[in-house]
Amino acid sequence: MGILQGVMEWLPIGTSGHAMLALMDLLGVSPEYVYTYSLMIHLGALMALAYKFRYELGKIFFKLITFRWGEEESFIFYSTLFTGIVGLPVYKALGERAASLNIDAVNGVVGVLLIITGIVLHRAHENPIRRVKREKGLKEGDEVGIVESVSAGIAQGVAILPGISRSGITIGALLLLGVNQEKAVRLSFLIALPAIFGNLFLEAPRTAMPVNVSIVAVLTSFVVSLATLEVMLRLAKKLNFSKFCILFGSIALVGVLI
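Residues numbered from 1 in each chain as written. Predicted model: local features only at pLDDT ≥ 70, side-chain atom pairs only at ≥ 80, totals over all residues. Heavy atoms only, no water.

## Considering helix 9 (residues 146-158)
Taking 1.5 Å of rise per residue, the 13 residues of helix 9 would be expected to cover 18 Å, and the 18 Å separating its terminal C-alpha atoms lies within 8% of that figure. Every buried residue of helix 9 is listed here: Glu148, Ser149, Val150, Ala152, Gly153, Ala155, Gln156 and Gly157. (Helix = DSSP H or I, 4+ residues; strand = E, 2+ residues; numbered from the N terminus. Expected span 1.5 Å × (residues − 1). Buried < 20%, exposed > 50% of the residue type's maximum accessible area, 1.4 Å probe, protein only.)

## A closer look at the side chain of Ser225
Tracing the backbone shows Ser225 in helix 12 (residues 211-234). In this view, Ser225 contacts Gly6, Trp10, Ala45 and Ala48; residues no more than four positions away in its chain are not counted. (Contact = heavy atoms within 4.5 Å.)

## Side note on the confidence of the model for the chain
Note: predicted coordinates in regions of low pLDDT should not be interpreted at a detailed level. Scored by pLDDT, the chain comes out at a mean of 76, with 71% of its residues at no less than 70. Of all secondary-structure elements in the chain, the lowest mean pLDDT belongs to helix 8 (residues 128-135), at 56, while helix 9 reaches the highest, 91. (pLDDT = per-residue confidence, 0-100.)

## Examining the packing of aromatic side chains
Evaluated as defined, the whole model comprises three aromatic pairs. Relative to Phe77, the ring of Trp69 has its centre 4.9 Å away and its plane inclined at 45°; by these criteria the two rings are tilted. The exposure class of Phe77 is partly exposed, given its relative accessible area of 37%. Both rings, one in Phe77 and one in Tyr78, keep their centres 5.1 Å apart while their planes meet at 80°; by these two values the pair is edge-to-face. (Phe/Tyr/Trp six-rings, centres within 6.5 Å; stacked < 30°, edge-to-face > 60°.)

## Considering the packing of helix 4 (residues 42-52) against helix 5 (residues 54-65)
With their axes 5 Å apart at the nearest point, helix 4 and helix 5 run at an angle of 80° to one another. Compared by their axis directions, helix 4 and helix 5 come out roughly perpendicular. The residues of helix 5 that touch helix 4, namely those facing Leu49, Ala50, Tyr51 and Lys52, are Arg54, Glu56 and Leu57. Within the contact of helix 4 with helix 5, the residues separate by chemical class into four nonpolar, no polar and three charged. (Axes fitted to C-alpha atoms, helices over the stretch in contact; angles between N-to-C directions. Parallel < 35°, antiparallel > 145°, perpendicular 65-115°, else oblique. Nonpolar A, V, L, I, M, F, W, Y, C, P; charged D, E, K, R; others polar.)

## Digging into the environment of Ile171
Here Ile171 is to be found in helix 10 (residues 166-176). Residue classification places Ile171 among the buried residues on the basis of a relative accessible area of 5%. The spacing of Ile171 and Ala152 is 19 residues in sequence and 7.8 Å in space, taken between C-alpha atoms. Setting aside chain neighbours within four positions, we find Ile171 in contact with Ala184, Val185 and Ser188.

## A short note on the nonpolar core
Core analysis: the largest hydrophobic core is formed by 27 residues, its most contacted members being Trp10, Leu49, Phe75, Leu174 and Phe189. For this core, the elements supplying multiple residues, two or more each, are helix 4, helix 5, helix 6 (71-98), helix 10, helix 11 (181-203) and helix 12. With nine residues, the single largest contributor to this core is helix 11. When residues no more than four places from it in sequence are discounted, the contact partners of Phe189 are Trp10, Leu49, Phe53, Arg166, Leu229, Met232 and Leu233. Judged by nonpolar contacts, the second largest core, of six residues, contains Leu113, Ala159, Ile164 and Ala173. (Core = buried A, V, L, I, M, F, W, Y, C linked by side-chain atoms within 4.5 Å.)

Pasting the structure below:
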């Protein structure tokens, strides 16, 4: 699970959804426990992200506390604010109902959400706003303002649902608003830090995994996440995982129907 988390956390293909499907279908873990587990192994990804962007994050944190905000600082603040506004109610509702869901129901929901993620990514890669600007001869700026920040924050809040890829939906939202893909990937990774930390803060008190299981999963996720982050940043201009999301979601739905 640490390897799965370390690879898929940074691919726009729905990490929590894949983790939940693997634990439930292969290991027979209950939906309530598997949701907690899939969130907790995000700790390794959080550590990898903090290490990878340690210098950039240090500069951003200093600017935040001294109120010398630039583009990235404002983006992180507003997107994180709206992630909390949207994500907290979703988290509470999901946590309350997780115990009452059966595996088939969760598989079906994850499948539908994966397909939705794939459709959004497919549409985003067409980059309609950038295309319209190009056709009209307008300047293709990549500045991110309040609209992009709020949109990314709302998208990230919704991504707490299993099957909705956090990176996929936030990158997709930014692409739809005309931000170039390389910059969208970087910004998506930066706003992941407070989002993952918030998830862990909420989930840790009710988690009762064996310590040795937690340590192995977290360390594995950390090492694999570092490698995956490096690859993703190098390939940021070429990625397109919309077809994979749609295919995987469809397989999950067919499995439920069978």
